[in-house]
Amino acid sequence: MLIDIGVNLSHKRFANDTREVLTYARENGVRKLVITGTSIAESIRMIELLQKHSAEFPGMLYGTVGIHPHSASEFSNASLADLRSLSVHSNVVAIGETGLDFYRNLASREMQIRCFEAHLGLASELGLPLFMHEREASSLQIDILKNHRNNFNKGVIHCFTGDRKTLHQYLDLDLHIGVTGWVCDPRRGKPLQDLIAEIPLNRLMIETDSPYLLPRNMAFLPKDGRNEPSFLPWVVSGISACRTESQSEIVKQTGQTATKFFGFH
């Protein structure tokens, strides 16, 4: 079962054709997708999308609620309460996107840490998995996760692009790894291509992170450069080229892993 665990469907680039995007995804075999919440506003928008489209796409749409590290400056006790309230929706399956990003530092490191630790606490309180981001911050993020690892149940590092040491430190923490079209990029994706066979198949999940990270192995790249969940099979193709399993086996196993991880109903 093709499952896209990370779609930024509330992004403005999908505003005019959301229904068509979902239709194309379904026609291309994507059976479930998780809409990522990256701020309070985007988490609310995610809930609105669930309410608007779930009847036409039954059993397909789920979401996360969280505050991305880029937006960590908006975090407060009030916003934490907002996330707690939003999480009660029946199709909210994870807390996040959360984590640390010291590459862009769009919020102060202090606020990112405070926001991340609050998400860890909320996931522990609610018994929900964590949907995590990390860029150029692996050492501190891993230290924080080690301190909290006995408190939360499950977590995935989405859009993993780190090095071998970082990968195995995350795996040693019994975390899952999400892989995007980054692996399909012949230039910047080469380090991930060299690593991806080291991810146990039962810890691997796949995602588009659309509208970002267009798979560069596509036969015909869209002129507007927009990625979308219907392109998920190209991510599978990129992964399969670096592993021993067939594309069908990767689809089957990552689908089973995502279903168990998120507790899809």
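Just so we're clear, the structure is a prediction, and the values are computed from it rather than from any experiment. (Residues numbered from 1 in each chain as written. Predicted model: local features only at pLDDT ≥ 70, side-chain atom pairs only at ≥ 80, totals over all residues. Heavy atoms only, no water.)

### Description of the environment of L201
Point 1. Its place among the elements puts L201 in the loop between α7 (190-195) and β8 (204-206).
Point 2. Taking the C-alpha atoms as reference, L201 lies 24 Å from R26; in sequence the two are 175 residues apart.
Point 3. Those residues in contact with L201 that lie beyond four places of it in its chain are R243, E245, E249, Q253, T254 and T257. (Helix = DSSP H or I, 4+ residues; strand = E, 2+ residues; numbered from the N terminus. Contact = heavy atoms within 4.5 Å.)

### Some details on the packing of helix α4 (residues 109-126) against helix α5 (residues 138-148)
Point 1. Two elements in contact, α4 and α5, have axes whose closest approach is 11 Å; the angle formed by their N-to-C orientations is 30°. For the element pair α4 and α5, the recorded crossing hand is right-handed. Counted together, I113, F116, E117 and L120 of α4 and L140, Q141, I144, L145 and H148 of α5 form the full contact between these two elements.
Point 2. A breakdown of the residues in the contact of α4 with α5 according to their chemical character gives six nonpolar, two polar and one charged. (Axes fitted to C-alpha atoms, helices over the stretch in contact; angles between N-to-C directions. Left-handed = near helix turned anticlockwise from the far one by under 90°. Nonpolar A, V, L, I, M, F, W, Y, C, P; charged D, E, K, R; others polar.)

### Brief notes about helix α1 (residues 18-27)
Point 1. All of the buried residues along α1 are T18, V21, L22, T23 and A25.
Point 2. Following α1 by one or two positions, G29 has its phi on the positive side, about 90°. (Buried < 20%, exposed > 50% of the residue type's maximum accessible area, 1.4 Å probe, protein only.)

### Focus on the pairing of strand β3 (residues 61-65)
Point 1. The buried fraction of β3 amounts to five of the five residues, a majority that puts the element mostly inside the structure.
Point 2. Residues of β3 alternate between two faces, with L61, G63 and V65 on one and Y62 and T64 on the opposite face, all of them buried.
Point 3. Relative to β3, strand β2 (residues 30-35) is paired through three bridges, and the arrangement is parallel. Along β3, the bridge assignment pairs L33 with L61.
Point 4. Bridging between β3 and strand β4 (residues 92-101) involves three bridges; their strand directions are parallel. Each residue of the ladder has a partner; that of V65, found in β4, is I95. (Pairing = 2+ DSSP bridges.)

### Digging into the nonpolar core
Point 1. Judged by nonpolar contacts, the single largest core of 71 residues is most densely connected at L145, I177, V179 and I239.
Point 2. Per element, the largest residue contribution to this core is six residues, and it comes from α4.
Point 3. Those residues in contact with I177 that lie beyond four places of it in its chain are V156, I157, F160, L167, Y170, L171, I199, R203, L204 and M205.
Point 4. One finds I5, Y62, A94 and A258 within the second-largest nonpolar core, a separate group that totals 13 residues. (Core = buried A, V, L, I, M, F, W, Y, C linked by side-chain atoms within 4.5 Å.)

### Overview of the pattern of salt bridges
Point 1. Enumeration over the complete set of coordinates arrives at ten salt bridges.
Point 2. E125 is the salt-bridge partner of R84, the closest N and O atoms lying 2.9 Å from each other. One end of the pair, R84, is in helix α3 (residues 77-86); the other, E125, is in helix α4, and 41 residues separate them in sequence.
Point 3. Overall, E125 belongs to the partly exposed group, its relative accessible area being 48%.
Point 4. Several salt bridges converge on common partners, so that one network encompasses D17, R226 and E228. (Salt bridge = Lys/Arg side-chain N within 4 Å of Asp/Glu carboxyl O.)

### Observations regarding the side chain of D185
Point 1. By the element assignment, D185 lies in the loop between β7 (176-179) and α7.
Point 2. Relative accessible area serves as the criterion here: at 11%, D185 is assigned to the buried category.
Point 3. Within the local environment of D185, its side chain forms a polar contact with the backbone nitrogen of R187, the two atoms lying 2.9 Å apart.
Point 4. Among residues more than four places away in sequence, those in contact with D185 are K190, Q193 and R216. (Polar contact = N/O pair within 3.5 Å; in protein donor to acceptor, adjacent residues only side chain to side chain.)

### Some words on the packing of aromatic side chains
Point 1. With the rule as written, the count across this model stands at four aromatic pairs.
Point 2. Ring centres of Y62 and F264 lie 4.5 Å apart, and the angle between their planes is 45°; this geometry places the pair in the tilted category. In this pair, Y62 sits in strand β3 while F264 sits in the segment after α9 (247-262), placing the two residues 202 residues apart along the sequence.
Point 3. Each member of the aromatic cluster is reached from another via a ring pair, and the members are Y62, F261, F262 and F264.
Point 4. In this structure, R109 packs its charged tip against the face of F102, placed 4.0 Å from the ring centre.
Point 5. Between the NZ or CZ atom of R135 and the centre of the ring of Y103, over which it lies, the distance is 3.7 Å. (Phe/Tyr/Trp six-rings, centres within 6.5 Å; stacked < 30°, edge-to-face > 60°. Lys NZ or Arg CZ within 6 Å of the ring centre and 35° of its normal.)

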